[in-house]
Amino acid sequence: MRTLRWAQRALIVLVATLPLLVVTLASVPALLVLPFRRDRAAHAGAMVRQLSAWTRVLLLSSRER
């Protein structure tokens with residue numbers, strides 16, 4: 001039973017990681033250009049904070065309670 005819970009949790013993390021990876025890869029061009037524009041640097045910082053928050057939620061939600 002415990003092995004089944006572990007396998008389910010691993011599958012959920014894998015499935016949730018795929019969209020996060022796609023969003024991160026799609027954001028890379030913007031993160032390479034935006035910090036060099038003075039009026040858009042804050043926007044780049046907000047994008048990085050949001051990606052960090054999503055990653056943190058994904059990792060914390062996968063922990064066993």
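Read on for an overview of the structure. (Residues numbered from 1 in each chain as written. Predicted model: local features only at pLDDT ≥ 70, side-chain atom pairs only at ≥ 80, totals over all residues. Heavy atoms only, no water.)

### Some thoughts on a nonpolar patch on the surface
Inference 1: Together, Leu21, Leu25, Val28, Leu32 and Val33 give the surface a local cluster of nonpolar side chains, amounting to about 460 Å² of exposed area.
Inference 2: With respect to the helices and strands, Leu32 occurs in helix α1 (residues 2-33). (Patch = residues over 30% accessible without salt bridge, like charges linked within 9 Å, V, L, I, M, F, W, Y side chains within 5 Å. Areas by Shrake-Rupley, 256 points an atom, 1.4 Å probe, with all protein chains shown as cover. Salt bridge = Lys/Arg side-chain N within 4 Å of Asp/Glu carboxyl O. Helix = DSSP H or I, 4+ residues; strand = E, 2+ residues; numbered from the N terminus.)

### Thoughts on the packing of α1 against helix α2 (residues 41-61)
Inference 1: Close contact between α1 and α2 brings their axes to 11 Å; oriented N to C, the two are set at 170°. By the criterion of interaxial angle, the relationship of α1 to α2 is roughly antiparallel. For the pair α1 and α2, the contacting residues are Val13, Ala16, Thr17, Leu20, Val23, Thr24, Ser27, Ala30 and Leu31 in the first and Ala44, Met47, Val48, Leu51, Trp54, Thr55 and Leu58 in the second.
Inference 2: By residue class, the composition of the contact of α1 with α2 is 12 nonpolar, 4 polar and no charged. (Axes fitted to C-alpha atoms, helices over the stretch in contact; angles between N-to-C directions. Parallel < 35°, antiparallel > 145°, perpendicular 65-115°, else oblique. Contact = heavy atoms within 4.5 Å. Nonpolar A, V, L, I, M, F, W, Y, C, P; charged D, E, K, R; others polar.)

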